[in-house]
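Structural features, examined
Here are the chains, one letter per residue:
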Amino acid sequence: MKLSLILATLLLTPAVTLAMTAEERGLEIAKEVDTRDTGFHDFKASMTMLLKNRHGEESLRDMRNQTLEVENDGDKTLVVFDEPRDVKGTALLSFSHKVGDDDQWLYLPALKRVKRIASRNKSGPFMGSEFAYEDISSQEVEKYTYKFIEESEHEGTASLLVERYPVDPNSGYTRQQMWVDKERYIPIKIDYYDRKNVLLKTLVFRGYQQYLDQYWRADEMYMENHQTGKSTLLTWKQYDFRSGLTDADFNKNSLKRAR
């Protein structure tokens, strides 16, 4: 009887080891989010950026965005400001990478020159907003390590709570907590913790719409800074997918001519 019990235990052991760790499940969720958003090729969109300070004073900016998927690497993105006059023509070009530092260049029309954003400055604010330069780049899976926390409900939506930790030592964050819609595998909220591991900002995604019967995009992205009382609301509209963008639309020369 003892031998049979030992054999039975050994037979059961492989099933136990097949259970995923919290880290493995966190990574699996991140990969699923990425997989469901792969294959759109490119898109253009119009945007507004509403800045609000702690006193409630507001300023509004009009922008354009164009994004191109790159096979086996991160996305290429170009953001151009159209209004108001003091920022008109300012443009940010980002090349996201799965491994290593992203490449980012900022064109300042008043100086008529292109400025490279150093990796050590990626945690700085983008154009005075509550979005950092590192938030503007596409969020590639390889930029983080992950840990699944729990299944929960966020404002009535069944969610998966995942904690992710930036690989880049120059990141402004120690960790981020991300709530993912369990059915659609899209982010619905992200909490950002600063280098002292104190809650810094919260990003909320609102009004998701589906395009090409597959790809979900939020109408609004609201970033609130809990430490300064400031906020930034990005409103997206007029999406145009598979508009024919190519690599030629994303280079340093395109920064200067994007007016």
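Quick note: structure is the one above.
In short, a report on the structure. (Residues numbered from 1 in each chain as written. Predicted model: local features only at pLDDT ≥ 70, side-chain atom pairs only at ≥ 80, totals over all residues. Heavy atoms only, no water.)

1. Considering the overall build of the protein
Along its length, the protein carries four helices and 13 strands. Oriented by its inertia axes, the alpha-carbon framework of the protein measures out at about 85 × 45 × 35 Å. Across the 259 residues in the protein, those meeting the buried criterion constitute 45%. In the protein, 45% of the contacts between residues at least 6 apart in sequence involve partners at least 24 apart. In the form shown here, the protein has an accessible surface area of approximately 14200 Å², with 51% of it arising from carbon and sulfur atoms. Charge separation in the protein, taken as the distance between the mean sites of 38 positive and 42 negative side-chain charges, equals 6 Å. (Helix = DSSP H or I, 4+ residues; strand = E, 2+ residues; numbered from the N terminus. Buried < 20%, exposed > 50% of the residue type's maximum accessible area, 1.4 Å probe, protein only. Contact = heavy atoms within 4.5 Å. Areas by Shrake-Rupley, 256 points an atom, 1.4 Å probe, with all protein chains shown as cover. Lys, Arg positive; Asp, Glu negative; His and termini not counted. Charge placed at Lys NZ, Arg CZ, Asp CG, Glu CD.)

2. What to know about the nonpolar core
With 50 residues, the main nonpolar core has Phe 81, Phe 126, Leu 203 and Trp 236 as its most contacted residues. At five residues, strand β1 (residues 42-52) tops the list of elements feeding residues into this core. In terms of nonpolar packing, the next biggest core, distinct from the first, is built from 11 residues, Leu 68, Leu 78, Val 80 and Ala 91 among them. (Core = buried A, V, L, I, M, F, W, Y, C linked by side-chain atoms within 4.5 Å.)

3. Details of the environment of Thr 21
You can see Thr 21 is positioned in the loop between α1 (2-17) and α2 (22-36). Residue classification places Thr 21 among the partly exposed positions, given a relative accessible area of 38%. Taking C-alpha positions, Thr 21 is 8.5 Å from Lys 147, a pair spaced 126 residues apart along the chain.

4. A look at the environment of Lys 230
Note that Lys 230 resides in the loop between β12 (215-225) and β13 (231-241). Residues Lys 230 and His 55, 175 residues apart in the sequence, show an inter-C-alpha distance of 8.5 Å. Once you skip the residues sitting within four places of it in the chain, Lys 230 turns out to touch Lys 52, Asn 53, Arg 54, Glu 130, Met 223, Glu 224 and Asn 225.

5. Here we look at unusual backbone geometry
With omega at 0°, the peptide bond leading from Glu 83 into Pro 84 counts as cis. Structurally, Pro 84 can be placed in the loop between β3 (76-83) and β4 (91-95). The phi torsion at Asn 72 lies on the positive side, around 65°, for a residue other than glycine. In this structure, Asn 72 sits in the loop between β2 (58-68) and β3. Residue Asn 72 is classed as exposed on the basis of its relative accessible area of 67%. With phi around 65°, Asn 197 is a residue other than glycine that occupies positive phi space.

6. Regarding the side chain of Ser 231
Mapped onto the secondary structure, Ser 231 falls in strand β13. Relative accessible area serves as the criterion here: at 8%, Ser 231 is assigned to the buried category. If we ignore the near neighbours within four places in the chain, the residues touching Ser 231 are Leu 50, Leu 51, Lys 52, Glu 130, Tyr 222, Met 223 and Glu 224.

7. What about the environment of Glu 83?
Among the secondary structure elements, Glu 83 is positioned in strand β3. Here the alpha-carbon distance between Glu 83 and Leu 60, two residues 23 residues apart in the chain, equals 8.2 Å. For Glu 83, the residues in contact, after removing those within four places along its chain, are Leu 60, Arg 61 and Asp 62.

8. Examining the packing of aromatic side chains
Counting across every chain of the model gives 15 aromatic pairs. Note on Phe 95 and Trp 105: the rings are 5.2 Å apart at their centroids and 80° apart in plane angle, and the pair reads as edge-to-face. Of this pair, Phe 95 sits in strand β4 while Trp 105 sits in strand β5 (residues 103-108), placing them 10 residues apart in sequence. On the basis of relative accessibility, which here comes to 15%, the residue Phe 95 falls in the buried class. (Phe/Tyr/Trp six-rings, centres within 6.5 Å; stacked < 30°, edge-to-face > 60°.)

9. Some thoughts on the pairing of strand β9 (residues 175-181)
Judged by how many residues are buried, β9 sits mostly within the fold: seven of seven residues are covered. Every second residue of β9 is oriented toward a common face, with Arg 175, Gln 177, Trp 179 and Asp 181 on one face and Gln 176, Met 178 and Val 180 on the other, all of them buried. Relative to strand β10 (residues 187-193), β9 runs antiparallel, the two sharing six bridges. Bridging from a neighbouring strand, Gln 177 pairs with Asp 191 of β10. Between the end of β9 and the start of β10, which pair antiparallel, lie five residues, with Tyr 185 showing a positive phi angle near 55°. (Pairing = 2+ DSSP bridges.)

10. Observations concerning the pattern of salt bridges
Oppositely charged side chains are able to pair whenever their charged atoms sit close together. Within the structure shown, the criterion is met by 15 salt bridges. As a salt-bridge pair, Asp 82 and Arg 64 come within 2.9 Å of each other at their nearest N and O atoms. Of the two residues, Asp 82 is situated in strand β3 and Arg 64 in strand β2; the sequence distance between them amounts to 18 residues. A salt bridge links Arg 116 to Asp 103; the shortest N-O distance between them is 2.4 Å. Of the two residues, Arg 116 sits in strand β6 (residues 113-116) while Asp 103 sits in strand β5, which places them 13 residues apart along the sequence. Salt bridges here are not isolated pairs; linked through shared partners, they connect Arg 25, Glu 151 and Lys 182. (Salt bridge = Lys/Arg side-chain N within 4 Å of Asp/Glu carboxyl O.)

No statement about biological role is implied by the geometric values presented.
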